[in-house]
Amino acid sequence: MKRIVLLPLLGVSFTALASEAAPDASQISQRLITLKQQQSQQLAQTSRTLAQLTQQVCQAPKPASSKKLQHAWLQTMTAWVPFQGEKQGPIQQLDVAWSMQFWPDKKNLTGRKVQSLQQADIALTPEIIAQRSVAVRGLGALELLIYEAPLDASSCRLLQPISSLVAENAAKIQHQWQHDYQQALTVRAKDPQAAPMVTGQTVAELSHQLSFINKKFFMPLGKGKYPKPYQAESWRSETSLLQLKTSFSALQLYFNTIVKPFLLSKDQAPLVADIEQAFVNLLQNWPPQTSLKAMLGDDKGLAQLYRLRIDIDQLSYLIQDVMPVQLKIVVGFNATDGD
Amino acid sequence: MKKTIIAMLTASAFTSSAAWAVESKDVVSNYADIVHAVYEDAETTAKALDSAIDALIKTPSAETLAAAKKAWLAARVPYQQSEVFRFGNSIVDDWEGQLNAWPLDEGLIDYVDSKSYQHELGNPGATANIISSASIQVGNDKIDASKIAPELLAELNELGGSEANVATGYHAIEFLLWGQDLNGTNAGAGARAYTDYLQGKGCTNDNCDRRAEYLKSTSTLLLTDLAEMKQEWSAGQDNYRAELTAKPAKDGLRIMLFGMGSLSLGELAGERMKVALEANSPEDEHDCFSDNTHNSHFYNQQGINNVWFGQYTRVDGSKVSGASLEELVASKDKAAAEKASKAVSAATEQVKTLVVSAENGQAFDQLIAPDNAKGNALVNESIVALVKQTGEIEKASNVLGIYNLNPDTADHEF
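Throughout, residues of each chain are indexed from 1 in the direction in which the sequence is written. Chains carry letters from A onward and ligands carry numbers from 1 onward, assigned in written order. Side-chain atom pairs in this predicted model are given and counted only at pLDDT of 80 or more, local residue features only at pLDDT of at least 70, and totals for whole chains, interfaces and linings cover all residues.

Strands here mean DSSP runs of E at least two residues long; helices mean DSSP runs of H or I at least four residues long; both are numbered from the N terminus. For chain A, the helix and strand inventory stands at 15 helices and two strands. By the convention adopted here, residues are in contact when the distance between their C-beta atoms, placed from the backbone, does not exceed 7 Å. Here the analysis covers contacts within chain A between residues at least 6 apart in sequence; of these, 82% occur between residues at least 24 apart.

The next subject is the overall build of chain B. Tallying secondary structure elements over chain B gives 14 helices and four strands in all. Each radius of gyration reported is based on C-alpha atoms, and the globular scaling rule is 2.2 Å times the count of residues to the power 0.38. Its C-alpha atoms give chain B a radius of gyration of 23 Å, near enough to 22 Å, the size a compact globule of 414 residues would have. Along the three orthogonal principal directions, the C-alpha set of chain B runs to about 75 × 50 × 50 Å. Across the 414 residues that make up chain B, the buried fraction comes to 53%. Burial is judged by counting other C-beta atoms within 10 Å of a residue's own C-beta: 20 or more means buried, 12 or fewer means exposed, and anything between counts as partly exposed, with every C-beta placed from the backbone.

Here we take up the domain arrangement of chain A. Residue and element names in this part refer to chain A. For the domains described, the bounds stem from an automatic or database domain assignment. We note that the domain assignment places domain 1 (12–23 + 191–331) and domain 2 (34–178) within chain A. Once you take the C-alpha centre of each, domain 1 and domain 2 turn out to be 25 Å apart. Counting residues at the interface gives 20 residues for domain 1 and 18 residues for domain 2. Every element with two or more residues in the side of domain 1 that touches domain 2 is listed here: α11 (195–221) and α12 (240–265).

Looking now at helix α8 (residues 139–147) of chain A. Residue and element names in this part refer to chain A. A large share of α8 lies buried, amounting to eight of its nine residues. Here α8 has its buried residues at Leu139, Gly140, Ala141, Leu142, Glu143, Leu144, Leu145 and Ile146. Of the surrounding elements, those touching the buried residues of α8 are α3 (66–80), α5 (97–100), α6 (109–119) and α9 (153–178).

Residues and elements named next belong to chain A. Looking at where Asp180 falls in the secondary structure, it is placed in helix α10 (residues 180–190). Accessibility expressed as a C-beta count within 10 Å gives 12 for Asp180, which makes it exposed. The sequence separation of Asp180 and Pro90 amounts to 90 residues, and the corresponding C-alpha distance is 9.2 Å.

A separate point is the packing of α11(A) against helix α15 (residues 299–327) of chain A. Two measures define how a pair of helices packs: the angle their axes make with one another and the distance between the axes. All names here are of chain A. Close contact between α11 and α15 brings their axes to 11 Å; oriented N to C, the two are set at 155°. Our classification of the angle between α11 and α15 gives roughly antiparallel. Pair α11 / α15 crosses with left-handed handedness. Together, Val203, Leu206, Ser207, Leu210, Asn214, Phe217 and Leu221 of α11 and Leu305, Ile312, Ser316, Ile319, Gln320, Pro324 and Leu327 of α15 make up the contact between the two elements. Each residue receives one of three labels: charged for Asp, Glu, Lys and Arg, nonpolar for Ala, Val, Leu, Ile, Met, Phe, Trp, Tyr, Cys and Pro, and polar for the others, Gly being one of them. When its residues are assigned to classes, the contact of α11 with α15 shows ten nonpolar, four polar and no charged. The axes used here are C-alpha line fits, helices contributing only the stretch in contact, and every angle between their N-to-C directions lies in the interval 0 to 180 degrees. Any angle that is under 35 degrees is reported as roughly parallel, and any over 145 degrees as roughly antiparallel; angles of 65 to 115 degrees are reported as roughly perpendicular and all others as oblique. What makes a crossing left-handed is the near helix being turned counterclockwise from the far one by less than a right angle; a clockwise turn instead makes it right-handed.

Let's shift gears to the packing of α3(A) against α8(A). Residues and elements named next belong to chain A. Where α3 meets α8, the closest approach of the two axes is 10 Å, and the angle between their N-to-C directions is 160°. Judged by the angle between their axes, α3 and α8 are roughly antiparallel. Considering only the axes of α3 and α8, their crossing is left-handed. From α3, Ser66, Leu69, Gln70, Trp73, Thr76, Met77 and Trp80 reach across to α8, where they touch Leu139, Leu142, Glu143, Ile146 and Tyr147.

Next up on the list: unusual backbone geometry. Here A:Trp103 and A:Pro104 are connected by a cis peptide whose omega angle stands at 5°. For A:Pro104, the location among the structural elements is in the loop between α5 and α6. Residue B:Pro103 is bonded to the preceding B:Trp102 through a cis peptide linkage, with omega at -10°. Residue A:Asp95 is not a glycine yet carries a positive backbone phi of 55°. Structurally, A:Asp95 is set in the loop between α4 (90–94) and α5. By C-beta crowding, A:Asp95 is classed as partly exposed, having 14 other C-beta atoms within 10 Å. The backbone phi angle of A:Ser234 is positive, close to 55°, even though this residue is not glycine. If you trace the backbone, A:Ser234 turns up in the loop between α11 and α12. We classify A:Ser234 as buried; it has 27 C-beta atoms within 10 Å.

If you want it as structure tokens, here you go:
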């Protein structure tokens, strides 16, 4: 498989950690809560803006408004990226990952399901959209309607309920980080029995999210001389390389804010230095282009991507092979273990 | 009297883990016996399928087509139980694509209904239609397809770098027997007519000669491939089995557990159920031409069941059994073993409900329809049971001291 998120399963087990004192579980979870509260606030705000703008421009739809919508969509997509690939937290509890974004989409389910909805003679509300295929519920469907379709009454009929649903789901995620999930996590982090698991899960999230990000890079790269540009995320808006950079930047932030202090408390300064350097190398070498699709189409672009791959492999080795062993965190199953 | 005592002793041997120490190497050895038996059964049933295909080609009729379909369904029973061996055994994983790759862009092989045909975006081979084409152009490459043969079809797999270009294996045969399922989430499977194989007058959809050659070639290749994998697991030979059983037993246990967990979560619960369900996409169901997905899922789960309990019921009804993971885990932590056994049995029972549903008239592609809340819930319950099973497999791995479950990166563990 290699598809995204499932239910909240233990991606890791914590026998080794459980035997050690974990005085910093509360601190770690507090840092996580602060980071996620900021990020979920940003997501809620950008998606609300997108929904409001959609309602506004759809009152008198005209092609000139497309640019504004594209900007608002990009802001929302960028705010969503730090949540991609999470195995813990409100995204999982609410089961909204695929509703926010259905990807990968090898067979263009987004295109086909949007088309069939456009042809269906039914009233469309956010509630009805929420009952339809995940392929029409989220940011991928919005991207298609905003970038590919002309802005008219027909596209507005879908744009309005879908953007409202995205805003509703984003508001739910934010609410959870502000209230219920935040409180439950705080309690668990103080419980001596649960604390090691909280710590382990929070640290392991770095690896899980990296798996998802790597997929965004490696799937379109394809095999040998055959790249697969349509398997890239956000190929319609030609912003896939931009989103990928945002992903690694968000991962760097997660590492610096949450995982690094924990590693240092475990006497892992050399590993911290290696990971920090790997992030710097990767982001410093990042090409200025925004579209993976365009780069995959010519030899020069491909060469740049292969160069990038070396840095991504190095970072992955440190986070996914070295770090779990140094911390004695058990690498378990995750939803990308299939084919 | 003497007989009774022996019977009692035997019974206690199977119930008391304390009385008989279970050795890890015996668990791995029994696993290898099961793998061999499963592939032997897959080969036996594929031979029956090949004979039925010969009969269909020789005398195309509704009856010979129905007999070939029946043989295909029977061949799926052991093969689906073998999928638990894929993850972890790289020799199997590298080999299986030629036999069971999925999902496929069937327009590579034969005619399709252009209105409803859905294929991978950007796949240059998605409409190549090998059966109707003496030569195939993909990008700058031109392939001579004038003579259809097993070697040519094997070469056409992953044409143009796309995994959706599946020219061979069970699903190619399935498509050639059933045809496209044009019913969406409504009742009914593919409805290819036997006349697609009539030679000369009466041939429908053209190229019946090449279609028959194609079907026979891919069936021949399937037999060759299955024989090869059976050989790799035969005892007492210089083969993969010998390599595996010579390694530290812990490596074998890791492969067994990784196979179970990966099939359970990422593949079966995720790729094969959740994607189809949440996207309401019948194209993402596993046996989409024949509507045999319920059995396909059930026998996948049965394969996980076999590895955990160390038992396999062969197609002739005989049993292969021996030292099991269940007993090994129980010898170290009885409660963990019981929990895992309960979760594996529960998942098997739950996935069985999909079979019962299909037998009562609602196949998997109907269960995932957007307006079928009950059907959706039934599939979701299977997903939940599989997720729970995976969690218990992880815990059982801990009991055995196997911390890194991925054999590909296990070298880094110290």
